[in-house]
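Structural features, examined
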Amino acid sequence: MALSASDITRARLINRRSIEGLRYLDAYKPVNAKAWEFHTTFAKVRCLFCANQAGKTHTGAADAIALQNGTHPWQRAGKFRPPPLEGRACGVDFPSGVQKILLPKFRELCNPRYLKGGSWKSAYSVRHRVLSWADGGFVEFMSYDQDLDTFGGVQRDWIWCDEEPPQVIRAENQMRLMARSGIEVFTMTFVNGITWVYDEIYEPWLEGRLSDTTKCWSWSLYENPHIQKEEIDEKRKGLSDADVQIRIFGRPVHRTGLVFENFRRRRPWLYPHFDPPPDWTTYVAIDPHPRKNHAVLVVDVSPSGERWAWAEVYKSNDVDETCDELKVKLGGRTPHLVVIDAACKGFDYKKGGISVYEYYCEALAERGILEPEDAFKDRDARVIATRKLFDWDPDLKTDRFIPYDPSDPPAMPTGGPLLHISEQGCPTLLWQLARYIYPTYASRKTEDRQDAPGKPRKKDDDLIDCLGYIEAEEPQWVSMSAPVQNRHRYVDDDEFGGVDEESASEFDTDWRLA
């Protein structure tokens, strides 16, 4: 495989700067070209997302030590203050993360002539877990299993987290850096799957939405020249698919797997934006919550039976505000059916002696929107029904009023998934779908001893519930010239307004399944 121009440029840069790198970082040599970029690129937050044994801890420790020594490329270029500096290195725990990883790495890379007393023994305090420099600077070693309070109360010039910290610890560390406009560094493997780091840093980086003050790099185990490819290939054989992505390639994946594994973040599962034609049939689902935003999803059904999720409301837990927003989204469309989570019948809305359900009925009626029916509550049945929406049906005769991406395989126009989602109209639904997983095991030991969890994790799933409520109704396209239909019975629009009793549904009495 031919090298790209950027690969060649990086290789030349490494070769040209190798001697200079030794001078900057003493006995350290960057593991690859990306590691050198990590050292020389100035940013307030720098992140290495790497495989296990890819050299991330080696790189992070060398960077921290060079700062303490005053030999870092930034300091040579006048972009960061000279020593003495007060830094913090954080590991997962003390027995393993600090004692077995961080301290040996510092001892390997530190030049004793910079340390207090000229030796490791005189510079490192076992009691306080602090490594002191001859100029008065120091590095304190901390772990994520310490109380949160121990991370506060002081100021630091830089903080390095080796492996992903809990979000609350990261927030406390950020406060320690503000007064000195300090540096934050992460070197990590996504062993915990998709977490806050993915949401706040990794995904925005991939999508080009990351602030200029944050820079990221990622490399796989194959990019560590000190490990033979044959060794890596042999190691892969004993790993699960998720562990291969995490530990070999350094990519974030859900360990327990997505519930809707056939969902793809590309056409034809989703489109940037679409406005369904007015003759399509509209369904609305509402999922209120006493302490979170109320979730509302609008889905249209086309003549082919395809579902088109094109609008959501997820801004407030105020019923009137939610209904006002829904009316604007509908833009004069009349829903064929509105369903609502019947659990809200037990919520006292703003302590006014009226349930959320009753308030919704009144608020929707005031805005000329159909009164809601109780949503289907069998969660397992909803998940099964919703999962089928993402499957590829080669026999589907689609309503393709939006052209497919030209890069899609030629065979794709012969069919498609039953569900399409608007990126612009349903961003929260897409966010939740990408994180809708089965619960993780309590520990790695539990993972080895127990079967995989069978029910999805009950978190951040409001709009997914709405999608399930709609799909449980087996939504269909209804011609505007057809008789009016509701979920109890078919109604003949004759001049007397009478009901055809023979066509009454079997759910005519006691049909609610709340």
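The structure displayed is predicted, hence computed values, not measured ones. Note on numbering: residues in each chain are counted from 1, in written sequence order. Residues qualify for local features only when their pLDDT is at least 70, as the model is predicted, and side-chain atom pairs are given and counted only at 80 or more; totals for whole chains, interfaces and linings, by contrast, use all residues. With hydrogens and water set aside, each side-chain value is computed from the structure's full complement of heavy atoms.

**Considering the overall build of the protein**
Elements are defined by DSSP. Helices are runs of H or I of four residues or more, strands are runs of E of two residues or more, and each kind is numbered from the N terminus. On a plain count of helices and strands, the protein comes out with 16 helices and 17 strands. The proportion of buried residues among the 514 residues of the protein is 49%. Residue pairs at least 24 apart in sequence account for 66% of intrachain contacts in the protein once pairs closer than 6 positions are excluded. Computed with the Shrake-Rupley method and a 1.4 Å probe, the accessible areas treat only the protein chains shown as cover for residues. When the accessible surface of the protein is summed, it comes to about 25600 Å², and 50% of that surface belongs to carbon and sulfur atoms. Here's how the labels work: a residue is buried when its accessible area is under 20% of the maximum for its type, exposed when over 50%, partly exposed in between, all with a 1.4 Å probe on protein chains only. Contact definition: two residues touch when any of their heavy atoms are within 4.5 Å.

**Overview of the pairing of strand 13 (residues 337-340)**
The two faces of a sheet get side chains in turn, since along a regular strand they alternate between them. Side chains Leu 337 and Val 339 project from strand 13 onto one buried face, and the interleaved Val 338 and Ile 340 project onto a second face that is buried too. Note on pairing: two strands pair once DSSP finds at least 2 bridges between them. Relative to strand 13, strand 10 (residues 281-287) is paired through four bridges, and the arrangement is parallel. Residue pairing for strand 13: Tyr 283 is matched across the bridge by Leu 337. Relative to strand 14 (residues 373-374), strand 13 runs parallel, the two sharing two bridges. Counted as the bridge partner of Ile 340 is Asp 374 from strand 14. For the handedness criterion, the strands are oriented away from the viewer, and a crossover whose path from the first strand over the helix to the second runs clockwise is classed as right-handed. Each parallel crossover has a hand, and for strand 13 linked through helix 12 (residues 356-366) to strand 14 it is right-handed.

**Structural notes on the packing of aromatic side chains**
Remark: the centre distance and the inter-plane angle together describe each pair of aromatic rings, the angle taken between the planes. Two aromatic rings, drawn from Phe, Tyr or Trp (for Trp, its six-membered ring), form a pair once their centres lie within 6.5 Å of each other, and the interplanar angle then sorts them: stacked below 30 degrees, edge-to-face above 60, tilted otherwise. Within the structure shown, the criterion is met by 24 aromatic pairs. Taken together, a centroid distance of 5.5 Å and an interplanar angle of 40° make the contact between Trp 280 and Trp 308 tilted. Residue Trp 280 is located in the loop between strand 9 (270-271) and strand 10, and its partner Trp 308 is located in strand 12 (residues 307-313); the two are separated by 28 residues in the primary sequence. Taken together, the ring pairs connect Phe 49, Phe 190, Tyr 198, Tyr 202 and Trp 205 into an aromatic cluster. Lysine and arginine charges are scored as sitting over a ring when NZ or CZ, respectively, is within 6 Å of the ring centre and within 35 degrees of the ring normal. Directly above the aromatic system of Phe 94 lies the positively charged group of Arg 129, at a separation of 3.7 Å from the ring centroid. For Lys 345, the ring lying beneath its charged end belongs to Tyr 357, and the centroid distance is 4.7 Å.

**Here we look at helix 2 (residues 33-40)**
Where burial is concerned, most of helix 2 is hidden: six out of the eight residues are buried. Within helix 2 the residues assigned to the buried category are Ala 33, Lys 34, Ala 35, Trp 36, Phe 38 and His 39. Any pair of nitrogen or oxygen atoms within 3.5 Å is treated as a polar contact; in protein, a donor-acceptor pairing is required on top of that, and neighbouring residues in sequence qualify only through side-chain atoms on both sides. Between a side-chain oxygen at the N-terminus of helix 2 and the backbone nitrogen of Lys 34 the separation is 3.1 Å; the capping residue is Asn 32.

**Observations regarding the pattern of salt bridges**
Basic side-chain nitrogens of Lys or Arg form a salt bridge, by our definition, when they fall within 4 Å of a carboxyl oxygen of Asp or Glu. Applying the stated criterion to the full structure yields 35 salt bridges. For Asp 320, the salt bridge identified is with Arg 367, shortest N-O distance 3.2 Å. Of this pair, Asp 320 sits in helix 11 (residues 319-330) while Arg 367 sits in the loop between helix 12 and strand 14, placing them 47 residues apart in sequence. For Arg 367, a relative accessible area of 15% gives the class buried. A salt bridge links Lys 455 to Asp 380; the nearest nitrogen and oxygen atoms lie 2.7 Å apart. Of this pair, Lys 455 sits in the loop between helix 15 (444-449) and helix 16 (462-472) while Asp 380 sits in helix 13 (residues 379-387), placing them 75 residues apart in sequence. Taking the relative accessible area as the measure of exposure, Asp 380 reaches 37% and is therefore partly exposed. One salt-bridge network, held together by shared partners, links Arg 81, Glu 86, Arg 88, Glu 140, Arg 156, Asp 157 and Arg 180.

**A word on the sheet that holds strand 11 (residues 295-301)**
The sheet built from seven strands is open, its strands ordered 9-15-12-11-10-13-14 with mixed pairing. Each end of this open sheet is capped by a strand with a single partner; those strands are strand 9 and strand 14. Note: strand 9 against strand 15 (residues 419-422), two bridges, orientation parallel. Residue pairing for strand 15: Leu 270 is matched across the bridge by Ile 421. For helices, the fitted axis covers only the stretch in contact; all axes are lines through C-alpha atoms, and the angles between them, taken along N-to-C directions, range from 0 to 180 degrees. Helix-sheet contacts for helix 12 involve strand 10, strand 13 and strand 14, and the interaxial angle to strand 13 is about 155°.

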